[in-house]
Amino acid sequence: MTATDLSLAKHDAVRLFERKRLIGFGIPTVILIYLTYIFFVFDLPGLAQRANIENAVTLASDSWSHKIHVTRDNRSGDVTYAVEGERKGRYPEGQRPAWVTGQDVITIDLGGEHIVRYLPESRTEIEIPGFPLIQVQAEGRNLVNNLPDDLPDWISASNRRIGITTPEGRITLTGARTEVFNYFPGWELFWFTLDSPYHGQGLGKILFGERLDPNQSNLTGALSDWWNNAMWRHKDVAWAIGETILMAFLGTMGAALIALPLAFLAAKRFSPILLLRAATRRLFDFVRGVDALIWTVVLARAFGPGPLTGALAILITDTGTFGKTFSEALENVDEKQIEGVASTGAKPLQRYRFGVIPQVVPVLLAQVLYFLESNTRSATIIGAITGGGIGLMLTQAIQTQKDWEEVAYYIVLIVVMVMFMDWVSGWLRGKLIGRKD
Amino acid sequence: MADISLGGAPQNVGSIQSHYMAQVQRSRLYGGLTLLVFIVLMVSGFNVADDRNAGGFWDGLHQIGDYPADVLSEAWEKRTDLPGLLAKYFPALVETINIAAVSTLIGAIGGLFLSLLGTRGLAKWPRLIPLFRRISDVMRAVPEIVIALVLIFVLGGGPVPAMIAIAIHTAGALGKMFSEVAENADLKPVEGLTSTGATWSQCMLLGVLPQVAPNYVSYTLLRFEINIRASAILGFVGAGGLGYELRNAMAWGPGRFDEAGAIFILLFGTIVFFDQVSSRYRNRLTEGQGQ
């Protein structure tokens, strides 16, 4: 090796290193610049002001706890007790929580020595440790109170409305009614609503105890009361999940069935006519490019909201995706196997059946099964738009902005559902292709 | 055939044939049964879906073209406005692409760490491998819309909730794909680096990343395609960008179909454009690897 060769090689090496160094520092710099740009475009500094911390706190506490409302109508003097303040969570006549006592004077013990008393004639007394006794009198639409002028930040008061937030519970007073919210951990009434005879009974008593309802056995009664629970709507939730999985299943399998013959038209080896091939490919590109969102919008106009619309939207979009990958798989088919089958005197259809299909089936099945899982997720999202399945229930629960425990429940169910479909598709892949991932 | 030779006794052609025929018949029976179950599932599933849909399949079939025709005809009547509308919605398009790009970037970085920490042989804390795998499973299983809707409630509408939601899902999805690639990485460079006293991050950066980078970039590009679609869809539920504008234009109904048409065109063009670019680039990446 001469000196010139050596210096040339050295020069090359130095240049290569310089380029690598440039890339090594350049790419992170570009990413950083881009993220800075995004930081300002998405207005992240302003986000802190827009963010509603109170919402976050309600969300976080409501998702794992529930509250029982004790409401007094100041006009009639009636007191009602209801879980989450909902009609279907109301305590039956003559029943009330154990922490409420008294007949004329109703005493509500919130715990931690926080006590609220509903006195006759729309008067209310609130005892909070370390604070003077609060007395409020409702007169028409106004409130007369003995609150001091400088209030701590956990009390908000005007002559129309008083709100008190304590660690033990919340109290709101208006001229029309007085309400106390007492918080408890857990999802109340998840199994049975208050009007069911099985509410508050242990599992052992339901299974082995004497009949609570003389007309039917405990197990049937308990199951049907749970299934028809008006608060948590287990029946509707089960149907919704079924609908979502159905959308994914129908969409994926339908797309695969339609895409397979079309893929033959798009594959160079099986489709000699250039025009036909190009047309099929453009069709695939088109349906893929229009995207599930637009298909959902268009189809919802024709078929109305529901699972079928979602299934068709998935079907149309995925026909394009499958068509593309299937035709690629078909182009990579090994010619020898087809020749071998042809040498036995097989007709064209038999050549496809025994020469081509066995080669591509594992690839296609793997693809289809992977999409089955990913479409379960898409079906949740499409359901939220077109109105079907668990996606719709989730959006509705979020839009009411108060049933956060239901939102949490649906989220858990969705995650479990997707993981289950993931497992099913993996299991099926193992069974059908004989290879576990 | 294996079980025939295991049978021990010498076999003549006739019994081999009958065995073979029995085997073929059995596999045909199973195949037929599977097919039957599949057909029953498809047909009954279709009927259930049709029942629970607001409009029936057969009634709606001939109406599929109506809505696109309405939109197209109105857009065609006002075709002179089209360039203006395209320009009007271009910022929304940029927002949609930005959401997809940032979330892909953040998701890819997250997925990178999840994959390296969750792969046997590479993990910094081998005992925590199952933990990181479960984390990536859960992140992957959560549909974007769930996180987006909850975050919209807390953070208000806009691109940030969509960005976070897509980034979380992307990190989980890429974490799984990345770790499949990382499993096949050659460990010798890592051993060599360890022997020189390199730290874990140096081993990963210099020993593993160069091996897996082409595949990682290819998967990330694929994710970017998917995320553009996802970001458009999330816009539809209130997270800003093109989807949000589409919903507004559609809620207005006839009279603003020209705007809906412009948004359709932008969305379609963008998706096709990025699909083409990314698939070309991905092909180059994987081909370069084969050489």
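### Things to note about the overall build of chain A
Point 1. If you tally the helices and strands in chain A, you get twelve helices and twelve strands.
Point 2. Whereas a compact globule of 437 residues would reach a radius of gyration of roughly 22 Å, chain A reaches 33 Å, over 25% beyond that.
Point 3. For chain A, the C-alpha atoms occupy an extent of roughly 100 × 75 × 45 Å along the three principal directions.
Point 4. Within the span of chain A, comprising 437 residues, buried residues form 32% of the whole.
Point 5. If you take every contact in chain A between residues at least 6 apart in sequence, the share linking residues at least 24 apart comes to 57%.

### Points about the overall build of chain B
Point 1. For chain B, the helix and strand inventory stands at twelve helices and zero strands.
Point 2. If you list the helices and strands of chain B from N to C, you get α-α-α-α-α-α-α-α-α-α-α-α.
Point 3. Against the globule reference of 19 Å for 291 residues, chain B gives a C-alpha radius of gyration of 27 Å, more extended than a compact globule.
Point 4. Principal-axis analysis of the C-alpha atoms gives chain B an extent of 85 × 65 × 40 Å.
Point 5. Relative to its full complement of 291 residues, chain B shows a buried share of 39%.
Point 6. The long-range share in chain B, meaning contacts at least 24 apart out of those at least 6 apart in sequence, stands at 73%.

### Describing the nonpolar core
Point 1. Ranked by internal contacts, the top residues of the largest apolar core, which has 132 residues, are A:Ile314, B:Ala148, B:Leu234 and B:Ile263.
Point 2. In terms of residues, this core owes the most to one element, helix H10 (residues 200-239) of chain B, which gives 15 residues.
Point 3. Of all hydrophobic cores here, the second largest spans 23 residues; its members include A:Ile108, A:Leu110, A:Ile162 and A:Trp232.

### Overview of the sheet that holds strand E9 (residues 155-157) of chain A
Residue and element names in this part refer to chain A.
Point 1. One open sheet accounts for six strands, arranged E2-E1-E12-E11-E10-E9; its pairing is antiparallel. The two strands at the open ends of the sheet, each matched to only one other strand, are strand E2 (79-83) and E9. Across the sheet, the mean angle separating the axes of adjacent strands is 10 degrees when strand polarity is ignored.

### Here we look at the sheet that holds strand E5 (residues 114-119) of chain A
Residue and element names in this part refer to chain A.
Point 1. One open sheet holds the six strands; their spatial order is E3-E4-E5-E6-E7-E8, and the pairing between them is antiparallel. Either end of the sheet is taken by a strand with one partner, and the two such strands are strand E3 (100-101) and strand E8 (142-145).
Point 2. Bridge count between strand E6 (residues 123-128) and strand E7 (residues 131-139): five bridges; the pairing is antiparallel. By the bridge assignment, Ile128 is partnered in E7 with Phe131.

### Structural notes on helix H7 (residues 274-303) of chain A
Residue and element names in this part refer to chain A.
Point 1. For H7, built from 30 residues, the straight-helix expectation of 44 Å at 1.5 Å per residue is missed by more than 12%, its first-to-last C-alpha distance being only 36 Å.
Point 2. The sharpest bend along H7 comes to roughly 85 degrees, located at Asp291.
Point 3. Looking one or two residues beyond H7, the residue adopting positive phi is Gly304, at roughly 80 degrees.

### Some remarks on the interface of chain B and chain A
Point 1. Residue-level contacts link 50 residues of chain B with 52 residues of chain A.
Point 2. Per-element tally for the side of chain B that touches chain A: the top contributor is helix H7 (residues 144-155) of chain B, with eight residues.
Point 3. A per-class count over the side of chain B that touches chain A returns 35 nonpolar, eight polar and seven charged.

### A closer look at the confidence of the model for chain B
Point 1. In the predicted model, chain B carries a mean pLDDT of 86, and the fraction of residues at 70 or more is 95%.
Point 2. Confidence metrics for the complex model read pTM 0.82 and ipTM 0.83.

### Focus: H7(B)
Point 1. Compared with the 16 Å implied by 1.5 Å per residue over twelve residues, the 16 Å span of H7(B) between its first and last C-alpha is a close match.
Point 2. For H7(B), a buried count of ten out of twelve residues is recorded, marking the element as mostly surrounded by other parts of the structure.
Point 3. Residues of H7(B) that are buried: B:Glu144, B:Ile145, B:Val146, B:Ile147, B:Ala148, B:Leu149, B:Val150, B:Leu151, B:Ile152 and B:Phe153.
Point 4. Contacts from the buried residues of H7(B) go to helix H3 (53-62), helix H10 (348-386), helix H11 (389-400) and helix H12 (404-433) of chain A together with helix H8 (159-183) and H10 of chain B.
Point 5. Just beyond H7(B), the residue with positive phi is B:Gly156, at close to 85 degrees.

### As for unusual backbone geometry
Residues and elements named next belong to chain A.
Point 1. In this model, Glu121 sits at a positive phi of 60 degrees, which is unusual for a non-glycine residue.
Point 2. Relative to the elements of secondary structure, Glu121 occurs in the loop between E5 and E6.
Point 3. Glu121 sits in the exposed class, given 9 other C-beta atoms within 10 Å.
Point 4. You will see that Ser122, though not glycine, has its phi angle at about 60 degrees, which is positive.

### What to know about the packing of H11(A) against H12(A)
All names here are of chain A.
Point 1. Relative to each other, H11 and H12 sit at 155 degrees, their axes nearing to 9 Å. In this view, H11 runs roughly antiparallel relative to H12, as classed from their interaxial angle. As for how H11 packs across H12, the hand of that crossing is left-handed. The segment H11 lies against H12, with Ile390, Met393, Leu394, Ala397 and Ile398 engaging Glu406, Val407, Tyr410, Leu413 and Ile414.

### Comments concerning the environment of A:Val424
Residues and elements named next belong to chain A.
Point 1. Tracing the backbone shows Val424 in helix H12.
Point 2. With 15 C-beta atoms packed within 10 Å, Val424 lands in the partly exposed category.
Point 3. Separated by 319 residues in sequence, Val424 and Val105 place their C-alpha atoms 60 Å apart.

The rules behind the values
Residues numbered from 1 in each chain as written. Chains lettered and ligands numbered in written order. Predicted model: local features only at pLDDT ≥ 70, side-chain atom pairs only at ≥ 80, totals over all residues. Helix = DSSP H or I, 4+ residues; strand = E, 2+ residues; numbered from the N terminus. Rg over C-alpha atoms; globule rule 2.2 N^0.38 Å. Buried ≥ 20, exposed ≤ 12 C-beta atoms within 10 Å, placed from the backbone. Contact = placed C-beta atoms within 7 Å. Core = buried A, V, L, I, M, F, W, Y, C linked by C-beta atoms within 7 Å. Pairing = 2+ DSSP bridges. Axes fitted to C-alpha atoms, helices over the stretch in contact; angles between N-to-C directions. Expected span 1.5 Å × (residues − 1). Bend = angle between axes of the 7 residues up to and from the residue. Nonpolar A, V, L, I, M, F, W, Y, C, P; charged D, E, K, R; others polar. pLDDT = per-residue confidence, 0-100. Parallel < 35°, antiparallel > 145°, perpendicular 65-115°, else oblique. Left-handed = near helix turned anticlockwise from the far one by under 90°.

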